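Structural characterization, general
Here's the letter readout for the chains.
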Amino acid sequence: MEDLPNNTGCKFLDLFDCHCAFGSYSAPGLKVFRSASHIRAEMDRVGIGEALVYSNVARECDTQIGNNELLRAVAVDDRLHPAWVLTPDLGSWLPSFGERVDRMLQAGVRAAYMFPTFHQFTLSPWQVDGLLSELSEHRVPLFLDFGNKHWSERLTDWDAVDAVCGRFPELPVVMVHEGLASVRTLTPLLARNPNLHVEISYFQPNTGIKVFAQEFGPDRLLFGTGMPVYDPGCPISMIAYAPISVEWKQAIAGCNLRRLLGGVC
Amino acid sequence: MAGELAERAMCGEKLDGVLIIDGHAHMGPWCPLQALACSANDMVAYMDAIGVDAVCASGFLSITADFRLGNDMVADAIRRHPGRFVGYATINPHYPTDVLPELERCFDELNMTALKFHPAWHSYPVDGHSYMQALEFANDRRALVLSHTWGTPALLESLATKYTDVSFLVAHHAHINSPDIDHTVWAGLIRDLPNVYADLASSVALMGGFELMVRTVGAHKVIFGSDTPLHDLAYQLGRVLLADLDDEDKKDILGRNLARLVPGFDR
């Protein structure tokens, strides 16, 4: 039997949640964050220091209204960091992708969320490469959420993810809310693509944090909660009790996200 | 922050001094998924790192292809790790003449003390002949029975009132995992029937869904379960440890409730 570290005397994790949503939902939910203070209250309850937040209004209906509403909500809050929801809409009547990404960066936004399934677009070059080339040029981390709610769902287009990582090796790509059934697929994909990362709010193979950190290094995993839909206690406990060093835990808890956001140019 | 247990969990502090018994675990691989740390040895190593006293386990092999071989695997873990595994004797209801002999073998020779049903995997009604044989057996042995499903609320009520010496553990029902589903009927049964309990195990953990169910049915009716090694044990524990509940309720859920239902934990 392998000896695992004895978990005594660890210090608190410096948690930076990369997956948090602000604003209303059309579906009946148990919790909603209607203000920055709502988010901070739950963060305080479970010891999360900072959070990267996107707007559910932007995801569900209107990117412009939602993204701007988010900016106003978190404008004076140094613990909440905005991420914009982007779609690859293309047309001569629209601002160019370069203008859109410039506007985002000028607003202080250093991360993008995309929802290929919900927003009904592909990751094919003819669809997304205009936008992704702008994000890649500025090293803006791209969080991809294919909308899997249960591990038995197979909504993620893994071939397309592999191709995006290969076409844009400088673009940090983060898979969001992938489940335990993705172990078989993520293992070769992480090996092939150094710019691919995994957000762990739903990634719960037994001792998976240790196995993946040892296999690929701790810098490929990012702490996320999925609040306010999902329970933050689960990923926090999983990192805290992961049989890995405190340094690796802190990397996953927040250092990796800080590094990605700090790399935006 | 929500109490001493939450603070200990956030530090990753080993949970010595807190009785933790996982009421819903498995063992071994299940090849539709790439399993990690699924051997008895690996499971015990992780339990030790966290401070989990014991898990109640059925083999994936017991539920799927070969129930005898799977039960043997669990029995081997019980032998090699005394006190760390409570064995769920598992039968395949499609082999009705094997039900009683296998249950007697599991209880009388393999030191198992509880039963696991999986009517969904076996596509077999929970009130079918094989399961009724097993419930008669469980009633005679005053045993705990965990079932993936108990059919309808009415069926569970009829079984629980007929087999009053059985402790019925309702899998995956100690939380609200979809805001669209009306859980009040199940919650009412769990609250009102003295021999019915709710198991927590679920991959999906909606924020606030566990606390809502605990406040509905009472902490004394909720059993911590993880579905490990399908799920990460610490991930599943986090739902209890960092819940917005007081520590005494958490300790009931983590182990004290189950210690009253299975032998071996008289402390």
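Re the interface of chain B and chain A
Facing 53 residues of chain B, the contacting portion of chain A comprises 54 residues. For the chain B and chain A pair, buried surface summed over both sides reaches about 4,400 Å², with 64% attributable to carbon and sulfur atoms. Across the contact surface, chain B and chain A share zero salt bridges. Our enumeration of links across chain B and chain A arrives at 17 residue pairs in polar contact (both at pLDDT 80 or more). Secondary structure elements with two or more residues in the side of chain B that touches chain A: α1 (3-10), α2 (40-50), α10 (209-217) and α11 (233-241) of chain B. Here the side of chain B that touches chain A gets eight residues from one element, more than from any other, and that element is α11(B). A breakdown of the residues in the side of chain B that touches chain A according to their chemical character gives 33 nonpolar, eleven polar and nine charged.

Some words on the sheet that holds strand β4 (residues 114-117) of chain B
Residues and elements named next belong to chain B. Across the sheet, eight strands lie side by side as β1-β2-β3-β4-β5-β6-β7-β8; this open sheet has parallel pairing. Because the sheet does not close on itself, it has two edges, and the strands there are β1 (21-27) and β8 (222-223). Looking at chain direction, β1 and strand β2 (residues 54-59) are connected through five bridges and run parallel. Looking across to β2, one finds that Asp22 is bridged to Val55. Contacts from helix α4 (residues 67-80) reach β1, β2 and β3 (85-90) within the one sheet, and its direction differs from that of β3 by about 165°. Packed on one face of the sheet, helix α7 (residues 129-141) meets β4, β5 (144-147) and β6 (167-170) and runs near 160° to β4.

A look at the side chain of Arg59(A)
Residues and elements named next belong to chain A. Its place among the elements puts Arg59 in helix α2 (residues 56-60). Owing to a relative accessible area of 17%, Arg59 belongs among the buried residues under this scheme. If sequence neighbours within four positions are ignored, Arg59 has contacts with Tyr25, Tyr54, Val85, Phe115, Phe118 and His119.

With respect to the sheet that holds strand β2 (residues 48-55) of chain A
Residues and elements named next belong to chain A. Taken in spatial order, the three strands line up as β1-β2-β3 in an open sheet, and their pairing is parallel. Looking along the sheet, the strands with just one partner apiece sit at the ends: β1 (15-22) and β3 (80-82). Ignoring strand direction, the axes of neighbouring strands in this sheet form an average angle of 30°. Where β1 and β2 come together, six bridges link them in parallel fashion. Note on β2: the bridge partner recorded for Asp17 is Ala51. Of the strands in this sheet, β1 and β2 are in contact with helix α10 (residues 246-262), which crosses β1 at around 70°.

Quick look at the environment of Ala171(B)
All names here are of chain B. Counting through the fold element by element, Ala171 comes out in the loop between β6 and α9 (184-192). Here the alpha-carbon distance between Ala171 and Asp199, two residues 28 residues apart in the chain, equals 4.8 Å. In contact with Ala171, not counting residues within four places along its chain, are His24, Leu146, Ser147, His148 and Asp199.

Comments concerning the pattern of salt bridges
All names here are of chain B. Taken as a whole and assessed by the stated rule, the structure comprises 22 salt bridges over all chains. For Asp98, the salt bridge identified is with Arg68, shortest N-O distance 2.7 Å. You can see Asp98 sitting in the loop between β3 and α5 (99-108) and its partner Arg68 sitting in helix α4, a full 30 residues away along the chain. Looking at Arg68, the relative accessible area reads 36%, which means it is partly exposed. Measuring nitrogen to oxygen at the nearest pair gives 2.9 Å for the salt bridge that ties Asp108 to Arg141.

Looking at the layout of surface pockets
All names here are of chain A. Empty space within the second largest pocket amounts to approximately 390 Å³. Taken together, the elements giving at least two residues each to the lining of the second largest pocket come down to α3 (63-74), β4 (84-85) and α4 (97-106). It is α3 that contributes the most residues to the lining of the second largest pocket, four residues altogether. Here the lining of the second largest pocket is composed, by residue class, of five nonpolar, five polar and three charged.

Brief notes about the confidence of the model for chain A
In the predicted model, chain A carries a mean pLDDT of 94, and 95% of its residues have values of at least 70. Between residues 6-10 of chain A, whose pLDDT stays under 50, and residues either more than four places distant or in other chains, the model counts 13 contacts.

Thresholds, definitions, all that
Residues numbered from 1 in each chain as written. Chains lettered and ligands numbered in written order. Predicted model: local features only at pLDDT ≥ 70, side-chain atom pairs only at ≥ 80, totals over all residues. Heavy atoms only, no water. Contact = heavy atoms within 4.5 Å. Buried area = accessible area lost by both parts, 1.4 Å probe. Salt bridge = Lys/Arg side-chain N within 4 Å of Asp/Glu carboxyl O. Polar contact = N/O pair within 3.5 Å; in protein donor to acceptor, adjacent residues only side chain to side chain. Helix = DSSP H or I, 4+ residues; strand = E, 2+ residues; numbered from the N terminus. Nonpolar A, V, L, I, M, F, W, Y, C, P; charged D, E, K, R; others polar. Pairing = 2+ DSSP bridges. Axes fitted to C-alpha atoms, helices over the stretch in contact; angles between N-to-C directions. Buried < 20%, exposed > 50% of the residue type's maximum accessible area, 1.4 Å probe, protein only. 1 Å grid on protein atoms, 1.4 Å probe; cavity = no way out; pocket = protein on both sides within 12 Å on 5 of 7 lines; lining within 4 Å. Points joined across faces, edges and corners; volume = space filled by probe spheres on them. pLDDT = per-residue confidence, 0-100.

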